[in-house]
Amino acid sequence: MGEVERKIPFIIHKNIEFVPFISHASFDKTPREWVNIKFPNEDKYPDLAVAKFEAVRCWACGQCELSYMANWAMNCPSATFPANYRKAAYRGQGKHMTVLGLLQGFIEPSPEIVHVAYFCNLCGNCTLQCSMGIGSDPVISAMALRRMLVKLGMGPLPAHKRFAEYIKKYHNPYGEPHENRFAFMKKKIEKKKADIVYFAGCTGPYRTPEVCEATVNLLELANADFTVLYGDEWCCGSPLYMVGLWEEAKETLEHDISVIESLGASKVITSCAGCFRQLHEGYKKLGISKPSFEVLHSSQLFAEYLNSGKLKPKSTPTDKVVTYHDPCHLGRHVGVFDEPREILANIPGLKFIEFERTAHNAWCCGAGAGVMSGFPELARFAATERLKEAKGIGANYVSSACPFCELNLKRTEDAMKFGIEIGDILLLLEKSLR
Ligand code: SF4
Ligand code: SF4
């Protein structure tokens with residue numbers, strides 16, 4: 001099939017206020033055939049090839065900014081943020097239209113496109129909402145745009161370059177001393193061959209060490225055969241991957257996989273949803289061989305221990321009304337929704353209530369995909385919305401299963417004072433075993 005045969009209207013305002021709307025390349029062909037149309041700039045932007053089939057199927061319905069199961073509430077942080085409210089460029093649709101506009105030559109890479117590509121949590125709400133109808137995935141388009149921008153030298157953002165330098169130098173994005181990663185451990189655990197490796201991550205040890213401490217205590221209470229990596233643990237590379245720095249992400253993930261494999265572990269568990277997703281899925285995207293071990297989030301292992309009777313909660317850890325915030329990288333990205341709830345359900349006397357936007361339809365906390373460092377105003381806005389929602393349902397304890405979500409929610413609570421406690425589900429579980 002040849003070049004696009006007709007003129008395609010493309011309207012883009014210089015401040016991206018309007019929908020970058022494209023009539024599809026050909027109305028007399030089916031969506032499957034559209035993908036065979038050769039766009040003029042395909043050779044110029046090879047990184048967009050992966051998004052073409054997704055983008056051509058978007059029919060610009062706008063559903064990707066909503067949640068179909070939560071009374072059609074707004075559910076895209078990027079397009080709900082006041083300055084961008086309902087601007088199509090910022091919802092999932094906008095990522096597709098930007099890809100098509102570039103491929104067709106109606107727009108050129110620009111600072112506005114950098115903003116659209118990175119002012120997004122890659123939370124996957126758009127992917128989920130669209131999968132109910134068309135099934136075109138905006139996260140693929142957003143990732144392709146980020147990768148293209150990195151290759152063109154226009155991305156990532158300066159804040160991302162800074163954490164990339166820290167990861168290279170200190171093996172964590174916070175620039176903290178590498179040797180302090182396991183400072184949270186009260187007593188030394190031997191680094192040895194073991195069935196389970198606990199991959200502590202970066203945010204847990206350096207920002208919410210109580211989560212890591214509770215994890216180690218629970219592993220000991222369950223008599224698990226486990227170990228940790230100490231100085232051999234490097235950042236999993238998730239932040240690098242998300243902002244388009246794939247070579248750097250590959251290097252650090254390959255390192256981690258090889259040290260875990262060298263210990264002969266059959267399983268690795270993580271505290272952080274981002275580490276979980278990266279170890280679980282990242283190797284496929286980065287061209288690394290499948291690891292020899294199983295990757296579990298800590299909630300999956302401890303739900304199994306509760307079901308088998310290895311852990312027996314006996315007391316109520318809090319009188320507060322607890323809700324559960326689904327981390328996007330754990331829930332929508334990989335599909336772990338039930339196990340964290342099983343943990344909470346096993347705690348005697350716990351008063352629990354679900355968010356209105358919950359599970360597949362959860363509102364993102366706003367921290368992920370380079371947003372907390374790149375656009376702290378979006379991270380604060382999304383976390384504020386989540387805390388307001390918690391207040392609205394009558395919860396005064398927001399639990400989660402990801403130190404990074406908890407960090408953003410906690411910082412926002414400290415600034416906004418909603419009177420809500422934030423904590424990991426494992427803190428509640430550990431307290432209930434005392
Ligand atoms: S990505 Fe899907 S939900 Fe969003 S506008 Fe396109 S077709 Fe509609
Ligand atoms: S990934 Fe999330 S923040 Fe980004 S466009 Fe989709 S719904 Fe919006």
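Values in this document were obtained by computation on a predicted structure and should not be read as measured data.

1. Topic: the overall build of the protein
On a plain count of helices and strands, the protein comes out with 19 helices and 12 strands. For the protein, the C-alpha radius of gyration of 22 Å lies close to 22 Å, the compact-globule estimate for 434 residues. Along the first, second and third principal axes, the C-alpha atoms of the protein reach 70 × 45 × 35 Å. Evaluated residue by residue, the protein yields a buried proportion of 52% over its 434 residues.

2. Considering the sheet that holds strand β9 (residues 321–324)
Taken in spatial order, the 4 strands of this open sheet run β10-β9-β11-β12, and their pairing is parallel. The two strands at the open ends of the sheet, each matched to only one other strand, are β10 (351–352) and β12 (421–424). Relative to β12, strand β11 (residues 397–400) runs parallel, the two being bridged by 4 bridges. Looking at the pairing, V398 lines up with I422 of β12. Contacts from helix α15 (residues 338–345) reach β9, β10 and β11 within the one sheet, and its direction differs from that of β9 by about 165°.

3. A closer look at the site of ligand 2
Near ligand 2 lie 15 residues; those nearest to it are C76, C120, C123, N125 and C126. Taken together, the elements giving at least two residues each to the shell around ligand 2 come down to α3 (77–80), α6 (125–131) and α7 (138–151). The element that contributes the greatest number of residues to the shell around ligand 2 is α3, accounting for 3 residues. Looking at the shell around ligand 2 residue by residue, the classes come out as 9 nonpolar, 5 polar and 1 charged.

4. Examining the nonpolar core
By size, the foremost hydrophobic cluster in this structure holds 125 residues, and its most contacted members are V99, Y198 and F302. Among the elements that make up this core, the one with the highest residue count is α7 (7 residues). If sequence neighbours within four positions are ignored, F302 has contacts with L218, L311, I343, L426 and L429.

5. Let's talk about unusual backbone geometry
Here G155 and P156 are connected by a cis peptide whose omega angle stands at -5°. The topology assignment puts P156 in the loop between α7 and α8 (158–170). Although it is not a glycine, A359 adopts a positive phi angle of roughly 50°. Looking at the element boundaries, A359 is found in the loop between β10 and α16 (371–374). Since 16 C-beta atoms lie within 10 Å of it, A359 is described here as partly exposed.

6. Side note on the sheet that holds strand β7 (residues 267–270)
As summarised here, the arrangement of the 4 strands in space is β6-β5-β7-β8, forming an open sheet in which the pairing is parallel. Either end of the sheet is taken by a strand with one partner, and the two such strands are β6 (226–227) and β8 (294–297). Both β7 and β8 contribute to a ladder of 4 bridges, which runs parallel. Pairing of V268 across the sheet is with V295, part of β8. Across the sheet, helix α13 (residues 273–286) lies against β5 (196–199), β7 and β8, angled at about 160° from β8, the strand it touches most.

7. Brief notes about the UniProt feature "domain: Cysteine-rich" (unreviewed entry) in the protein
In the UniProt entry, the feature "domain: Cysteine-rich" (unreviewed entry) is given for residues 196–279 and 322–410. For the annotated span residues 196–279, helix accounts for 56% and strand for 12% of the residues, and the straight-line distance between the end C-alpha atoms is 14 Å. Structurally, residues 322–410 comprises 43% helix and 10% strand, and the distance from its first C-alpha atom to its last is 15 Å.

8. Let's talk about helix α12 (residues 246–262)
If you check α12, its first and last C-alpha atoms are 24 Å apart, about what 17 residues at 1.5 Å a residue would give, namely 24 Å. Where α12 is concerned, the buried positions are W246, A249, T252, L253, D256, I257 and I260. Taken end-on, α12 shows its buried residues confined to a sector of 135°, consistent with a single buried face. Among the exposed residues of α12, those oriented more than 90 degrees off its buried face are E247, S258 and S262. Looking at the buried positions of α12, the neighbouring elements they touch are α7, α8, β5, α11 (238–242), β7 and α13. Count one or two residues on from α12 and you reach G264, which has phi positive near 70°.

9. Examining the environment of L66
Summarising the element assignment, L66 is placed in strand β3 (residues 66–67). Spatially, the C-alpha atoms of L66 and S299 are 28 Å apart, while their sequence positions differ by 233 residues. Not counting residues up to four positions away in its chain, the partners in contact with L66 are W72, A73, M74, N75 and Q129.

10. Digging into the site of ligand 1
C58, C61, C64, Q93 and C130 are the nearest of the 16 residues found near ligand 1. For the shell around ligand 1, the residue count by class is 9 nonpolar, 7 polar and no charged.

11. Some points on the domain arrangement of the protein
Taken domain by domain, the protein comprises domain 1 (10–151), domain 2 (158–306) and domain 3 (313–432). The C-alpha centroid of domain 2 is placed 32 Å from the C-alpha centroid of domain 1. Each partner contributes residues to the interface: domain 1 has 5 residues there, and domain 2 has 5 residues. Here the side of domain 1 that touches domain 2 is composed, by residue class, of 3 nonpolar, no polar and 2 charged.

12. A closer look at helix α5 (residues 111–118)
Turning to α5, its buried residues number three or more, namely I113, V116, A117 and Y118. Elements in contact with the buried residues of α5: α4 (92–104), α7 and α16.

13. Quick word on the packing of helix α10 (residues 209–221) against helix α19 (residues 425–432)
Between α10 and α19, the least distance of the axes is 9 Å, while the angle of their chain directions is 45°. On the basis of their axis angle, the class for α10 and α19 is oblique. Crossing handedness for the pair α10 and α19: left-handed. Residues E210, V211, A214, T215, N217 and L218 of α10 lie in contact with α19, whose contacting residues are L426, L427, L429 and E430. Here the contact of α10 with α19 is built from residues that sort into 6 nonpolar, 2 polar and 2 charged.

Calculation notes
- Residues numbered from 1 in each chain as written.
- Chains lettered and ligands numbered in written order.
- Predicted model: local features only at pLDDT ≥ 70, side-chain atom pairs only at ≥ 80, totals over all residues.
- Helix = DSSP H or I, 4+ residues; strand = E, 2+ residues; numbered from the N terminus.
- Rg over C-alpha atoms; globule rule 2.2 N^0.38 Å.
- Buried ≥ 20, exposed ≤ 12 C-beta atoms within 10 Å, placed from the backbone.
- Pairing = 2+ DSSP bridges.
- Contact = placed C-beta atoms within 7 Å.
- Axes fitted to C-alpha atoms, helices over the stretch in contact; angles between N-to-C directions.
- Near = placed C-beta within 6 Å.
- Nonpolar A, V, L, I, M, F, W, Y, C, P; charged D, E, K, R; others polar.
- Core = buried A, V, L, I, M, F, W, Y, C linked by C-beta atoms within 7 Å.
- UniProt positions renumbered as here; feature names shortened; annotations may be inferred.
- Expected span 1.5 Å × (residues − 1).
- Arc of directions from axis to C-beta.
- Domains from an automatic or database assignment.
- Parallel < 35°, antiparallel > 145°, perpendicular 65-115°, else oblique.
- Left-handed = near helix turned anticlockwise from the far one by under 90°.

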